[in-house]
Amino acid sequence: MIKCPYCKVSIATRTDVCPLCHKNLIEAGVSKDEIKKTPLDFPKKGKVPALSGTLFDKVYLLCALNVVLVSLAVELIVFEHIKVSWLILSIIAYFYLFLRVTIRKANLFPQKVLFQALILSVVVICTRRILPEPDAIFEYILPVIYLISMIIMGIFFIVNYKKPSRYLLNLITIAALGFLPFCVDLIEDVHAHPMSIITASLGAAILITLFAFYAKTIVSELKRNFHV
Ligand SMILES: [Zn+2]
């Protein structure tokens, strides 16, 4: 059994990277012989077929493709412009990402909130062409999405303040995103709208508070997540 010199964890399978702290074990001083002596604990991964995915994925995507193609054809032939198809496409994409990313992929609650905010922003920006007032996206819709996400994540963070490290980066990301509508608003309109100012200020307050109290944890979390 290998023992990681950094975090002292015992590793039961053959590997040259510590599964806990992600340090390179050979660089950390573990001998190659010791790693070779440890048996491989799991079978090798087989080949994944090119068209993988569950039955749900296949049926959903096939139906989606048909619906979009039919609506595109109808719109182009009858109305000679594309509007409703954009909306249908974004709704279909939204539900797919919601089920697959928000519900299934994200493990922690703050991660779910962050992914949901990102998916919503992409979908909202995609509908820009068909909205009667596209400016509303950066003036009201995106600021409200980020504001609500920040408040939900902030409450979650306060309730779980004893174990902040796992949620810190999610909260920082959403707080930084809060500046996006404000900046776009400034660039496009010269003056920012109240909603985007509120969101950006809350984002700034969260960032300042986090860096004031958790600077060390943030640095170690960044190192752990991005292997720097
Ligand atoms: Zn380790």
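Residues numbered from 1 in each chain as written. Predicted model: local features only at pLDDT ≥ 70, side-chain atom pairs only at ≥ 80, totals over all residues.

### Quick notes on the domain arrangement of the protein
Where we set the bar: As annotated, the domain borders come from an automatic or database domain assignment.
Each assigned domain of the protein is listed here: domain 1 (1–43) and domain 2 (131–228). Measuring from the centre of the C-alpha atoms in domain 1 to the corresponding centre in domain 2 gives 38 Å.

### Here we look at the packing of helix α5 (residues 136–159) against helix α6 (residues 165–177)
For the record, the criterion: Whenever a helix is involved, its axis is fitted only over the stretch in contact; in every case the axis is a line through C-alpha atoms, and angles between N-to-C directions fall within 0 to 180 degrees. Counting from the N terminus, the helices are the DSSP runs of H or I reaching at least four residues and the strands are the DSSP runs of E reaching at least two. In these notes the angle categories are as follows: under 35 degrees is roughly parallel, over 145 is roughly antiparallel, 65 to 115 is roughly perpendicular, and the rest is oblique. Whether a crossing is left-handed or right-handed is set by the direction in which the near helix is turned from the far one by less than a right angle, anticlockwise for left-handed and clockwise for right-handed. Contact definition: two residues whose C-beta atoms, as placed from backbone geometry, lie within 7 Å. Side-chain classes are defined by residue name, with Ala, Val, Leu, Ile, Met, Phe, Trp, Tyr, Cys and Pro counting as nonpolar, Asp, Glu, Lys and Arg as charged, and the others, Gly among them, as polar.
At a minimum axis separation of 10 Å, α5 and α6 run at an interaxial angle of 155 degrees. With respect to α6, the element α5 is oriented roughly antiparallel. Two packed elements cross with a definite hand, and for α5 against α6 that hand is left-handed. In this structure, α5 uses Tyr146, Ser149, Met150, Met153, Phe156 and Phe157 to contact α6, whose residues at the interface are Tyr167, Asn170, Leu171, Ile174, Ala175 and Leu177. By residue class, the composition of the contact of α5 with α6 is 10 nonpolar, 2 polar and no charged.

### Let's talk about the environment of Arg166
Secondary-structure assignment places Arg166 in helix α6. Arg166 sits 41 residues away from Ile125 along the chain, and the two C-alpha atoms are 29 Å apart.

### Observations concerning the packing of helix α4 (residues 109–126) against α6
Close contact between α4 and α6 brings their axes to 9 Å; oriented N to C, the two are set at 25 degrees. Considered as vectors, α4 and α6 are oriented roughly parallel to each other. Handedness of the crossing formed by α4 with α6: left-handed. Judged by residue contacts, Pro110, Gln111, Leu114 and Ala117 of α4 engage Tyr167, Asn170, Leu171, Thr173, Ile174 and Leu177 from α6. Here the residues of the contact of α4 with α6 sort into 7 nonpolar, 3 polar and no charged.

### Observations regarding helix α8 (residues 194–226)
Our working rule: Any helix carries an expected span of 1.5 Å times its number of residues minus one. Bend at a given residue is defined as the angle between two axes, one fitted to the seven residues that end at that position and one fitted to the seven that begin there. Exposed residues have 12 or fewer other C-beta atoms within 10 Å of their own C-beta, buried residues have 20 or more, and partly exposed residues fall in between, where C-beta atoms are placed from the backbone.
Given a rise of 1.5 Å per residue, 33 residues ought to cover 48 Å, yet the end C-alpha atoms of α8 are separated by just 36 Å, more than 12% below that figure. Along α8, the sharpest change in direction is near 90 degrees and occurs at Tyr214. Turning to α8, its buried residues number three or more, namely Met195, Ser196, Thr199, Ala200, Gly203 and Ile206. Tucked into the core, α8 has its buried residues touching α5, α6 and α7 (179–189).

### Section: α4
Operational definition: Working note: the arc is built from the helix axis to C-beta atom directions.
The terminal C-alpha atoms of α4, which comprises 18 residues, lie 26 Å apart, in line with the 26 Å expected from a rise of 1.5 Å per residue. Within the span of α4, buried status applies to Pro110, Val113, Leu114, Gln116, Ala117 and Leu120. Taken down its axis, α4 places every buried residue within 160 degrees of arc, on the same side. Looking at the buried side of α4, the elements it contacts are α3 (84–105), α5 and α6.

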